[in-house]
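Here is how the chains run, residue by residue.
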Amino acid sequence: MSSFLPFTRPSIDEETIAAVAGVLRSGWLTTGPKAKEFEAALSAHCGGRPVRVCNSGTVTMEIALRLAGIGPDDEVITTPLSWVATAGVILTVGAKPVFVDIDPITRNIDLDKVAAAITPKTRAIIPVDLAGLPVDRDKLYAIAPSYTLRVIEDAAQSFGASWKGKPIGSSFGNDSDFVSFSFHPNKNITTGEGGALVLPADIDPAACERMRLQGVRRFDEDGMDVEVLGGKANLTDIAAAIGLGQLKRLEEFTARRKHLARRYFECFNPGLGCMLPLKDFENSNWHMFQILLPPGCDRGRLIVAMRERGIGIGVHYPAMHLFTLYRKLGYKEGDFPQAEQAGRRTITLPLFPSMLDSDVERVCSALINALKSLA
Ligand SMILES: *Cc1c(COP(=O)(O)O)cnc(C)c1O
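Read on for an overview of the structure. On a predicted model such as this, the values are computed, not experimentally measured, just so you know.

Calculation criteria
Residues numbered from 1 in each chain as written. Predicted model: local features only at pLDDT ≥ 70, side-chain atom pairs only at ≥ 80, totals over all residues. Heavy atoms only, no water. Helix = DSSP H or I, 4+ residues; strand = E, 2+ residues; numbered from the N terminus. Buried < 20%, exposed > 50% of the residue type's maximum accessible area, 1.4 Å probe, protein only. 1 Å grid on protein atoms, 1.4 Å probe; cavity = no way out; pocket = protein on both sides within 12 Å on 5 of 7 lines; lining within 4 Å. Points joined across faces, edges and corners; volume = space filled by probe spheres on them. Nonpolar A, V, L, I, M, F, W, Y, C, P; charged D, E, K, R; others polar. Domains from an automatic or database assignment. Pairing = 2+ DSSP bridges. Disulfide = S-S within 2.5 Å. Near = heavy atom within 4 Å. Polar contact = N/O pair within 3.5 Å; in protein donor to acceptor, adjacent residues only side chain to side chain. Areas by Shrake-Rupley, 256 points an atom, 1.4 Å probe, with all protein chains shown as cover. Sits in = over half its atoms within 2 Å of the grid points.

Below, the discussion takes up unusual backbone geometry. Cis geometry is found at the peptide bond from His316 to Tyr317, where omega equals 10 degrees. Counting through the fold element by element, Tyr317 comes out in the loop between α9 (299-308) and α10 (324-327). Of note, Ala131 is a non-glycine position whose phi angle comes to about 65 degrees, a positive value. Take Ala131: it is sitting in the loop between β4 (122-126) and α5 (137-143). On the basis of relative accessible area, Ala131 is assigned to the buried category, the value being 11%.

Structure representation (C-alpha cells):
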C-alpha cells in the first residue's frame, strides 16, 4: 500500500533550508535585507510595480481597504465562493460585504451581474481568482476604471497565473489597482505564512509601510511620529528567505501543476457524472484541481471513502453567505444559487508539484471505486 496522498504539500528544497539557517545565524531575524530583496524580486515579477510584503494575505487586503479610505457606511462587492478572509476583511474595516453570484463555468464572480449590485455606497470590488483561474481583467477594469470604484484583486490563489500573457500582479491598463497575494503553505509559493500587496500608482508605498508597522513615520535618526493607527503586519527575514527560495522555482512549479492537471483530464472517467474545471492552459496556474460531484452524492461519505483509499480531499469552499455571521447580516439560502450549488458539490483533488504522474492515476481510480462504494 502506498503512503497517504494529501491534497497539497509544499516543496521546500535544501538550498532554501540553508538560506533560512543563514538568516538565523545572521543576528537579524525580523524585517530587514531579505524582506527588501523579496519585495524587489516580487516587483520584478509584477512588471516593476511597487510591492510590499506582510505577514499574511488577509492583512494585505485589510491594508488595501484602509489605504483606499474604505470603512463604515461603505459597500464592497465580492464573491460568496471564496476563503472566508475575502469577505472578513470587509467587515474588519467596518464596511458591508455585498455578494454577487458566481459564473458556474469559471466559478469566479459573475462580472455581468456586478453592475446590478452597485449602489451609491459601493466603493470597491474584491474579485477572487478561485483555484488560480483569473477573473477577466479587461472586463473587470471596464467596470471599475481609474480608481472610481476601487479594485482589490484577491490573487491569493493566482500567483504565477497570467492574463493575456502577463503575470497576475502586473498592470492591465493604466489604472490597475491593488493586488493581494498569499504565501500560506497551501498556496503555489509559500513563506510559511505571509502575503504581498501590489500597489496602485495613486498610493504612496510609505503609507503602506506605516499601515504595516504601527503607523510609525520616521523622519530622521531620532524623530518619529504616529499620524494613523497601524497594525503589526511586517514579514520576518526568516519568512522572506523561504519566499526567495520559492520564487526561484515558480516557473518549474507552475509547469508541473499544468502537466498534472492535463493528466487529470486524460485519466478522468467521463462516465462518473462529475463536472470538471474549465480547461484553461493559458492563464491558470492550477492552484487547485476542483471537480463538482454528481448531484445528490454524499460528499462527507465520499471524503471518508477517499481517505480510506489513502487520498486526501479538500473542500474549497462552502458558500460563505450561509455561515452564521453572514446570515445575521440578512443573507439566506437561495440568494446565490450558483455559489450554493458549487459550494455543496465541490471537492479538491490532490495537486502539488512533487506529486507523481502515477498519483493522478491512483486518485482517478480511487474515485471510481469510492463513488461505486456509495451507490
Ligand atoms: C489563502 C487565501 C486568503 C488569505 O490568505 P492568508 O495568507 O491565509 O491570510 C485570502 N483569499 C483567498 C482566496 C485565499 O485562498
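Below, the discussion takes up empty space enclosed by the protein. Under the definition given, this model contains two cavities of 30 Å³ or more. Each pocket or cavity is described by its volume, and for the largest cavity that value is around 140 Å³. Lining the largest cavity are Ile105, Thr106, Arg107, Leu130, Ala131, Leu133, Pro277, Leu278, Ser284, Trp286, Met288 and Gln290. Residue classes in the lining of the largest cavity are distributed as eight nonpolar, three polar and one charged. Of the domains in this structure, domain 1 (14-247) and domain 2 (250-374) are the two that each give at least three residues to the lining of the largest cavity.

Attention now moves to the layout of surface pockets. Of the volumes computed, that of the largest pocket is approximately 490 Å³. If you go around the largest pocket, you meet 15 residues; those closest to its centre are Lys36, Glu209, Arg212, Leu213 and Arg218. For the lining of the largest pocket, the secondary-structure elements that each account for two or more residues are α2 (33-45), α6 (205-212) and β10 (216-218). A volume near 420 Å³ is recorded for the second largest pocket.

A word on the pairing of strand β12 (residues 289-292). The two faces of the sheet receive side chains in turn, since in a regular strand these alternate between them. Neither face of β12 is open: one carries Phe289 and Ile291, the other Gln290 and Leu292, and all of them are buried. With four bridges joining them, β12 and strand β13 (residues 346-349) adopt antiparallel strand pairing. Considered in β13, the bridge of Gln290 is made with Thr348.

What we call a disulfide is simply a covalent bond connecting the sulfur atoms of a pair of cysteines. Across all of its chains, the model carries zero disulfides by this definition. Cys54 forms no disulfide, and the closest cysteine sulfur to it belongs to Cys208, at a distance of 5.4 Å. Since its relative accessible area comes to 0%, Cys54 is described here as buried. Note on Cys364: no disulfide assigned, nearest cysteine sulfur contributed by Cys267 at a separation of 5.0 Å.

What follows concerns the site of the ligand. Near the ligand, the surroundings consist of 16 residues, among which Gly57, Thr58, Asp154, Ser182 and Lys187 are the closest. In the environment of the ligand, an oxygen atom lies 2.8 Å from a nitrogen or oxygen atom belonging to the backbone of Gly57. Interatomic distance of 2.8 Å between a side-chain N/O atom of Gln157 and an oxygen atom of the ligand. Bound to the protein, the ligand loses 93% of the 380 Å² it would expose on its own. Taken atom by atom, the bulk of the ligand overlaps the second largest pocket. Those elements giving two or more residues to the shell around the ligand turn out to be α3 (57-67) and α4 (85-92).

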